[in-house]
Amino acid sequence: MLNRLTTPAGKRLCFLIFLWLLCCGNDAAQAQSPKVPGVVIHHSPASSGLYIGSPSLALLANGDYLASHDYFGPKSAEHQCPTVQVFRSSDRGVSWARTAALKCLFWHTLFVHRGNVYLMGTDKHHGRIVIRRSTDNGQTWSEPRDTSTGLLTPAGQYHTAPMPLVEHNGRLWRAFEDAMGGTEWGKRYSAGMLSIPVEADLLNAANWTFSNFLPRTPEWLNGKFQAWLEGNAVVAPDGQVVNVLRVQTPDYPERAAIVTISADGKTASFDPVAGFIEFPGGGKKFSIRRDLRTKTYWALATPVLEQFKTAGVPGSVRNTLALMHSPDLRKWETRCLLWHHPDTARHGFQYPDWQFEGDDMVAVVRVAFDDGEGGAHNNHDANYLTFNRIRNFRELTMKDSVPVSRPTAAVRIEAGSLVLTGTGFELAAFDSGATAFANRNYVWREVPDKYRGWRFTRLSGGERAQLAVKAKQDTRLHLAATQKTATTLEGWTATGEEFAYTDGGQTRMAVFTRDLKTGDELTIPQGNWTGSMLLIPGRPGGDL
């Protein structure tokens, strides 16, 4: 709806169309283009095992647009040699055609420099830093074979996303994260900055300067600082280059971190007292650029609205895309809500990359949405790449926002040492013969004796639930999941215990455990049709 009419009548019409599309069932679901916000550049259904990642956008001197994305997911080869798709539009985003498919590229940024187009990222998930150049507007691309042709780090593991580059004081600046601090997502990342003279050969590794990389300190934010990643290179109001990073925390408010970079690009430093700022959407990737016309800062981000904060931790809620504004990089306001969907489980508007174009802002977004083929795998595993034009963005206010719905009624249950919150679940007795799902007649069988008389979070099969837990005291969680879901359970330990339910395949469930400290919060991962269920000590009607 970024291309919506901005008159009151136009907004009412858009909302009526939106409601009709939400309610009209399978026939409406087949009409993909009217339903998915923006212009669809590419669609990859969840069944393909290829999810849309890393949207990026560049505006060429001849007026064409280039957009790109990578694939992640179980069939993507993201850990070996992933693929990036490049698309061109010659009519200002109305239509798109694929121009290239590039191997061994991931988490990349498209950008234009001195008449050439570049793609800069890693060669795989947690791979080496690489850069590729096109001298024919994106038709053909160089290959990073060695340190003189675009292989900037011959070894090592790095992380990034489609983050902005900025030209300042005769240099180009681009943030990256060192991913060599262990194996646990987020905690392994250290924040740094790369830079290069603007007239240098960008494909020659010797021309690039690397700052030091700052590891996280777990004690920051009163012990709730989990990770920083996906940094933006930005020129601050005082003329200093800074790195503004997404911050991972288990609770609200959402935050960002501002790391300062020395003028020579060699030293990154951080003040944990003054360096953290409140930033709506800071728990997910956002892109910041400075507006030379107003000397202020704009961003597209995915904030969590107040009424959706019970749906999960900040990084897991992605159902609203917003236009953000700041006069000084430190104080941010939500200027306008651009897209919104009331479902947080399988709808997401995320990883926006955008450019100024006169009075407009043009953007590409990674979107999880309905598609007539079962929709997205979840709100994170997007099935669309879309293009969007935000007209007269500087004039938009909250009065121009799309209507916002109330979330599905949330559940909050105190169960022993845990507080359970979310939607789509209930507590029920766990035993052989007990009903396994709220919407099916399947029952549990072969329940191990130690778990008989416990409770479990009963779900509706095929309907995605949201479940988060907070520990009131040190405790051990017990989770039941299928073996297929188990492949995504990072941080959980298999007990070797199993049981089953009485569907046609006699599907088996495995039990996993994980320890939580007092005050820890955790979103329980939900996978396939069966989902993942917590097993909770205690008997129905008795103490939990």
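This text follows the structure it describes.
Within each chain, residue numbers correspond to sequence positions counted from 1 in written order. In keeping with the predicted nature of the model, local features appear solely for residues at pLDDT of at least 70, side-chain atom pairs appear and are counted solely at 80 or more, and the whole-chain, interface and lining totals rest on all residues. Calculated side-chain values reflect all of the structure's heavy atoms, with hydrogen atoms and water omitted.

1. Overview of the pairing of strand β25 (residues 360-368)
Among the nine residues in β25, nine count as buried, and that is most of the element. Only protein chains enter the accessibility calculation, which uses a 1.4 Å probe; a residue is then buried when its area is under 20% of its type maximum, exposed when over 50%, and partly exposed in between. Helix and strand definitions follow DSSP, with helices as H or I runs of at least four residues and strands as E runs of at least two, each counted in order from the N terminus. Of the two faces of β25, both are covered, the one formed by D360, V362, V364, R366 and A368 as well as the one formed by M361, A363, V365 and V367. Pairs of strands are assigned from DSSP output, requiring at least two bridges between the strands. Both strand β24 (residues 348-357) and β25 contribute to a ladder of eight bridges, which runs antiparallel. Across the sheet, residue G348 finds its bridge partner in β25, namely A368. Strand direction decides the pairing type here: β25 and strand β26 (residues 384-390), joined by seven bridges, are antiparallel. In the sheet register, V367 faces β26, and the bridge partner there is Y384.

2. Quick word on the state of the cysteines
Counting rule for disulfides: a pair of cysteine sulfur atoms within 2.5 Å. The final tally for this structure, using the stated rule, is one disulfide. Between the sulfur of C81 and that of C104 lies a disulfide, 1.9 Å long from S to S. Between C81 and C104 the disulfide shows an S-S torsion of about -105°. By sign, it is left-handed. Separated by 23 residues along the polypeptide, C81 in the loop between β3 (65-72) and β4 (83-89) and C104 in the loop between β5 (97-103) and β6 (106-113) bring together distant segments of the chain. With a relative accessible area of 25%, C81 lands in the partly exposed category.

3. Concerning the sheet that holds strand β30 (residues 444-445)
Taken in spatial order, the seven strands make up an open sheet running β29-β31-β37-β33-β35-β34-β30, and their pairing is antiparallel. Each having just a single partner strand, β29 (425-429) and β30 make up the two edges of the open sheet.

4. Concerning the packing of aromatic side chains
To describe a pair of aromatic rings, one takes the distance between the centres and the angle between the planes. Here the aromatic set is Phe, Tyr and Trp, taking the six-membered ring for Trp, and pairing holds for ring centres within 6.5 Å; pairs whose planes are under 30 degrees apart are stacked, those over 60 apart are edge-to-face, and all others are tilted. Under the definition given, this model contains 34 aromatic pairs. A centroid spacing of 5.4 Å and a plane angle of 65° characterise the contact between W220 and W228, whose relative ring orientation is edge-to-face. For the pair W220 and W228, one class covers both residues: buried. Ring centres of W220 and F270 lie 5.0 Å apart, and the angle between their planes is 55°; this geometry places the pair in the tilted category. Taken as a pair, W220 in helix α4 (residues 220-223) and F270 in the loop between β18 (268-269) and β19 (276-278) lie far apart in primary sequence, 50 residues in all. With relative accessibility at 16%, the residue W220 sits in the buried group.

5. A closer look at unusual backbone geometry
Cis geometry marks the peptide bond from Y252 to P253; its omega dihedral reads 5°. The backbone phi angle of W107 is positive, close to 50°, even though this residue is not glycine. In the Ramachandran plot, R114 falls in the positive-phi region, its phi being about 50° despite a non-glycine side chain. Examined against the element boundaries, R114 turns out to sit in the loop between β6 and β7 (116-122). The partly exposed category is assigned to R114, whose relative accessible area is 46%.

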